[in-house]
Amino acid sequence: MGLKKANFSEKEKDDIRTLMKFVGIYCRENHNGEKTPFSFKLFDVKEIEKEEIFVCADCSRLLTYGLTMRLKCPHDPKPMCKKCDNQCYHGEYKSKIREVMKFSGMHMIKRGRLDLLYHYFA
Ligand SMILES: [Zn+2]
């Protein structure tokens, strides 16, 4: 699959954390379904994030997709997604991740977490 295992750069870990945080917040504030701790085949979530991220099945799918795409990004360093010439989010995932980034971005602004704000998507 071309995915590398385990040895992530700090930048990759940052992006992984950001993505998990954003989807986690979105799910917590918007979804009431059953939630389970997120797990991903390529790394131990707790090693990167220090705590488990609880998400519903839909968000888990979105997060898996987002992380897979991020780790498959052919560019190093990764450019801003909106400036990238190979858009890896398509269709349903693209509109969904935008909604997530917008919602969780606003959520963080309201809580003064500007440090976490998105360098990542637009
Ligand atoms: Zn959810």
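Refer to the structure presented above.
Residues numbered from 1 in each chain as written. Predicted model: local features only at pLDDT ≥ 70, side-chain atom pairs only at ≥ 80, totals over all residues. Heavy atoms only, no water.

Which parts of the structure should I look at to understand the pattern of salt bridges?
Opposite charge on two side chains makes pairing possible when the charged atoms of those side chains draw close. One pass over the structure, following the stated rule, counts 8 salt bridges. The salt bridge involving Glu-49 is made with Lys-21; its shortest N-O contact spans 2.9 Å. Taken as a pair, Glu-49 in helix 2 (residues 45-49) and Lys-21 in helix 1 (residues 10-30) lie far apart in primary sequence, 28 residues in all. Residue Glu-49 is classed as buried on the basis of its relative accessible area of 6%. (Salt bridge = Lys/Arg side-chain N within 4 Å of Asp/Glu carboxyl O. Helix = DSSP H or I, 4+ residues; strand = E, 2+ residues; numbered from the N terminus. Buried < 20%, exposed > 50% of the residue type's maximum accessible area, 1.4 Å probe, protein only.)

I would appreciate a short explanation of the packing of helix 1 against helix 3 (residues 57-72) in the present structure.
Two quantities define a packed helix pair, namely the angle between the axes and the distance from one axis to the other. The contact between helix 1 and helix 3 brings their axes to 10 Å, and the two run at 165 degrees. When the axes of helix 1 and helix 3 are compared, the pair comes out roughly antiparallel. Note on packing geometry: the crossing formed by helix 1 with helix 3 is right-handed. Facing Lys-11, Glu-12, Asp-15, Ile-16, Leu-19, Met-20, Val-23, Tyr-26 and Cys-27 of helix 1, the residues of helix 3 in contact are Cys-59, Leu-62, Leu-63, Gly-66, Leu-67, Arg-70 and Leu-71. Broken down by class, the residue content of the contact of helix 1 with helix 3 amounts to 11 nonpolar, 1 polar and 4 charged. (Axes fitted to C-alpha atoms, helices over the stretch in contact; angles between N-to-C directions. Parallel < 35°, antiparallel > 145°, perpendicular 65-115°, else oblique. Left-handed = near helix turned anticlockwise from the far one by under 90°. Contact = heavy atoms within 4.5 Å. Nonpolar A, V, L, I, M, F, W, Y, C, P; charged D, E, K, R; others polar.)

Explanation requested: the coordination of the zinc ion in the structure shown.
Put simply, the ideal angle at a metal is 109.5 degrees for four donors in tetrahedral geometry and 90 or 180 degrees for six donors in octahedral geometry. The coordination sphere of the zinc ion contains the protein donors Cys-27 (SG), His-31 (ND1), Cys-56 (SG) and Cys-59 (SG), at a distance range of 1.9 to 2.3 Å. For the zinc ion, the 4 donor atoms in the first shell make angles of 99 to 121 degrees at the metal, so the coordination geometry reads as tetrahedral. When the donor residues of the zinc ion are listed from N- to C-terminus, their spacing reads C-x3-H-x24-C-x2-C. Placement of His-31 in the loop between helix 1 and strand 1 (36-37) and of Cys-59 in helix 3 is noted, with a sequence separation of 28 residues between them. (Donors = N, O, S within 2.8 Å, 3.2 Å for Na, K, Ca; no water. Tetrahedral: all angles 85-135°; square planar, octahedral: opposite > 155°, others 65-115°.)

I tried to follow the packing of helix 1 against helix 4 (residues 91-110) on my own but got confused; where do I start?
Their axes nearest at 9 Å, the elements helix 1 and helix 4 cross at an angle of 85 degrees. Between helix 1 and helix 4, the angle is such that the two are roughly perpendicular. Contacts from Leu-19, Lys-21, Phe-22, Val-23, Ile-25, Tyr-26, Arg-28, Glu-29 and Asn-30 in helix 1 reach Lys-96, Ile-97, Glu-99, Val-100, Met-101, Phe-103, Ser-104, Gly-105, His-107 and Met-108 in helix 4.

So what exactly am I meant to see when it comes to the nonpolar core here?
Grouped burial of nonpolar side chains is what soluble globular proteins tend to show. With 30 residues, the main nonpolar core has Ile-16, Met-20, Phe-38, Phe-43 and Leu-67 as its most contacted residues. Taken together, the elements giving at least two residues each to this core come down to helix 1, helix 2, helix 3 and helix 4. If we skip the residues at most four places from it in the chain, Phe-43 touches Phe-8, Ile-16, Met-20, Ile-48, Leu-67 and Leu-71. (Core = buried A, V, L, I, M, F, W, Y, C linked by side-chain atoms within 4.5 Å.)

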